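Each chain, letter by letter, is given below.
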Amino acid sequence: MTAAMNGAVNFSTQDGWILEFAKHKENSFIVPIVDTTLPHHQQDQQDAQNLLDILEEDIIPLYYDHPEQWNSIVANSLQQVVPDFDSDRMADEYFQKLYEFQNKTKVLDPV
(Lines give C-alpha, C1' and ligand atoms only; values in the text may rest on other atoms or scores of the structure.)
Protein backbone atom coordinates (compact mmCIF):
# COMPACT_ATOMS: atom_id res chain seq x y z
CA MET A 1 0.00 0.00 0.00
CA THR A 2 2.88 2.40 0.61
CA ALA A 3 3.98 1.84 -2.98
CA ALA A 4 0.64 3.22 -4.18
CA MET A 5 1.01 6.21 -1.84
CA ASN A 6 4.31 6.96 -3.57
CA GLY A 7 3.02 6.76 -7.14
CA ALA A 8 3.88 3.13 -7.90
CA VAL A 9 1.25 1.05 -9.65
CA ASN A 10 0.65 -2.26 -7.87
CA PHE A 11 0.88 -5.50 -9.81
CA SER A 12 -0.05 -8.23 -7.39
CA THR A 13 -1.94 -11.39 -6.61
CA GLN A 14 -5.33 -11.24 -4.93
CA ASP A 15 -4.24 -11.52 -1.32
CA GLY A 16 -3.88 -9.43 1.79
CA TRP A 17 -4.89 -5.79 1.70
CA ILE A 18 -4.92 -5.66 -2.10
CA LEU A 19 -8.51 -6.96 -2.08
CA GLU A 20 -9.64 -3.87 -0.18
CA PHE A 21 -8.11 -1.44 -2.65
CA ALA A 22 -7.23 -2.77 -6.06
CA LYS A 23 -9.35 -2.29 -9.15
CA HIS A 24 -7.77 -4.01 -12.14
CA LYS A 25 -6.72 -1.53 -14.85
CA GLU A 26 -8.14 1.38 -12.83
CA ASN A 27 -5.59 1.79 -10.02
CA SER A 28 -3.54 -1.43 -10.22
CA PHE A 29 -3.08 -4.70 -12.05
CA ILE A 30 -4.18 -7.98 -10.48
CA VAL A 31 -3.13 -11.50 -11.39
CA PRO A 32 -6.33 -13.60 -11.58
CA ILE A 33 -6.85 -16.52 -9.23
CA VAL A 34 -6.12 -19.89 -10.80
CA ASP A 35 -7.97 -23.12 -10.20
CA THR A 36 -6.66 -24.27 -6.82
CA THR A 37 -7.70 -27.86 -7.50
CA LEU A 38 -4.97 -28.14 -10.14
CA PRO A 39 -1.63 -29.67 -9.18
CA HIS A 40 0.79 -27.06 -7.79
CA HIS A 41 3.08 -27.11 -10.83
CA GLN A 42 0.10 -26.38 -13.11
CA GLN A 43 -1.05 -23.56 -10.82
CA ASP A 44 2.46 -22.09 -10.97
CA GLN A 45 2.51 -22.36 -14.77
CA GLN A 46 -0.88 -20.66 -15.04
CA ASP A 47 0.16 -17.91 -12.60
CA ALA A 48 3.31 -17.31 -14.63
CA GLN A 49 1.35 -17.18 -17.88
CA ASN A 50 -1.23 -14.78 -16.39
CA LEU A 51 1.54 -12.55 -15.10
CA LEU A 52 3.29 -12.46 -18.49
CA ASP A 53 0.00 -11.86 -20.31
CA ILE A 54 -0.80 -8.84 -18.15
CA LEU A 55 2.70 -7.46 -18.59
CA GLU A 56 2.70 -7.95 -22.36
CA GLU A 57 -0.91 -7.00 -23.10
CA ASP A 58 -1.66 -4.32 -20.50
CA ILE A 59 1.21 -2.85 -18.51
CA ILE A 60 3.97 -2.48 -21.10
CA PRO A 61 1.73 -1.12 -23.90
CA LEU A 62 0.11 1.37 -21.53
CA TYR A 63 3.41 2.57 -20.14
CA TYR A 64 5.13 3.03 -23.49
CA ASP A 65 2.32 3.68 -25.97
CA HIS A 66 -0.37 5.39 -23.87
CA PRO A 67 1.40 7.43 -21.18
CA GLU A 68 -1.71 9.53 -20.51
CA GLN A 69 -3.66 6.38 -19.55
CA TRP A 70 -0.72 5.14 -17.47
CA ASN A 71 -0.58 8.47 -15.65
CA SER A 72 -4.31 8.22 -15.01
CA ILE A 73 -3.79 4.84 -13.33
CA VAL A 74 -0.96 6.32 -11.24
CA ALA A 75 -3.19 9.25 -10.21
CA ASN A 76 -6.07 6.90 -9.37
CA SER A 77 -3.76 4.78 -7.26
CA LEU A 78 -2.49 7.81 -5.33
CA GLN A 79 -5.98 9.17 -4.72
CA GLN A 80 -7.81 5.94 -3.98
CA VAL A 81 -5.36 4.34 -1.55
CA VAL A 82 -5.23 7.15 1.01
CA PRO A 83 -8.79 7.08 2.39
CA ASP A 84 -8.56 3.41 3.32
CA PHE A 85 -4.95 3.19 4.44
CA ASP A 86 -3.83 6.47 5.93
CA SER A 87 -2.85 6.68 9.60
CA ASP A 88 -5.92 8.80 10.48
CA ARG A 89 -8.23 6.00 9.38
CA MET A 90 -6.11 3.45 11.23
CA ALA A 91 -6.09 5.45 14.47
CA ASP A 92 -9.84 6.06 14.24
CA GLU A 93 -10.51 2.36 13.65
CA TYR A 94 -8.33 1.35 16.61
CA PHE A 95 -10.06 3.92 18.83
CA GLN A 96 -13.52 2.74 17.77
CA LYS A 97 -12.68 -0.92 18.36
CA LEU A 98 -11.07 -0.18 21.71
CA TYR A 99 -14.02 2.00 22.79
CA GLU A 100 -16.53 -0.69 21.76
CA PHE A 101 -14.50 -3.36 23.57
CA GLN A 102 -14.28 -1.28 26.73
CA ASN A 103 -18.02 -0.58 26.68
CA LYS A 104 -18.83 -4.27 26.25
CA THR A 105 -16.57 -5.35 29.10
CA LYS A 106 -17.18 -2.43 31.44
CA VAL A 107 -18.31 -3.46 34.91
CA LEU A 108 -20.71 -1.06 36.54
CA ASP A 109 -19.61 0.20 39.94
CA PRO A 110 -22.29 -0.16 42.61
CA VAL A 111 -23.17 3.18 44.17
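Residues numbered from 1 in each chain as written. Predicted model: local features only at pLDDT ≥ 70, side-chain atom pairs only at ≥ 80, totals over all residues. Heavy atoms only, no water.

Colleague: Report on the nonpolar core, specifying residues and quantitative values.
Modeller: If you look at the biggest cluster of nonpolar residues, it comprises 8 residues: Val9, Phe29, Ile54, Ile59, Leu62, Trp70, Ile73 and Val74. Filtering out sequence-adjacent residues up to four positions away, Val9 remains in contact with Asn27, Ser28, Phe29, Trp70, Ile73 and Val74. Ala4, Ile18, Ala22 and Val81 belong to the second-largest nonpolar core, a separate cluster that totals 6 residues. (Core = buried A, V, L, I, M, F, W, Y, C linked by side-chain atoms within 4.5 Å. Buried < 20%, exposed > 50% of the residue type's maximum accessible area, 1.4 Å probe, protein only. Contact = heavy atoms within 4.5 Å.)

Colleague: Any chance you could break down the packing of aromatic side chains for me, citing the residues and the numbers?
Modeller: Within the structure shown, the criterion is met by 3 aromatic pairs. A centroid spacing of 5.4 Å and a plane angle of 85° characterise the contact between Tyr63 and Trp70, whose relative ring orientation is edge-to-face. Taking the relative accessible area as the measure of exposure, Tyr63 reaches 45% and is therefore partly exposed. Through a chain of ring-to-ring contacts, three or more aromatic side chains come together here, namely Phe29, Tyr63, Tyr64 and Trp70. (Phe/Tyr/Trp six-rings, centres within 6.5 Å; stacked < 30°, edge-to-face > 60°.)

Colleague: Account for the pairing of strand β2 (residues 28-31), naming residues and giving values.
Modeller: On β2, burial covers both faces: Ser28 and Ile30 on one face and Phe29 and Val31 on the other are all buried. Pairing analysis gives 4 bridges linking strand β1 (residues 10-13) to β2, with the strands arranged parallel. Bridging across to β2, Asn10 finds its partner in Ser28. (Helix = DSSP H or I, 4+ residues; strand = E, 2+ residues; numbered from the N terminus. Pairing = 2+ DSSP bridges.)

Colleague: Can you explain the environment of Asn10? Please cite residues and give values.
Modeller: Relative to the elements of secondary structure, Asn10 occurs in strand β1. Spatially, the C-alpha atom of Asn10 lies 8.1 Å from that of Ala22, the residues being 12 residues apart in sequence. Filtering out sequence-adjacent residues up to four positions away, Asn10 remains in contact with Ala3, Ala4, Trp17, Ile18, Phe21, Ser28 and Phe29.

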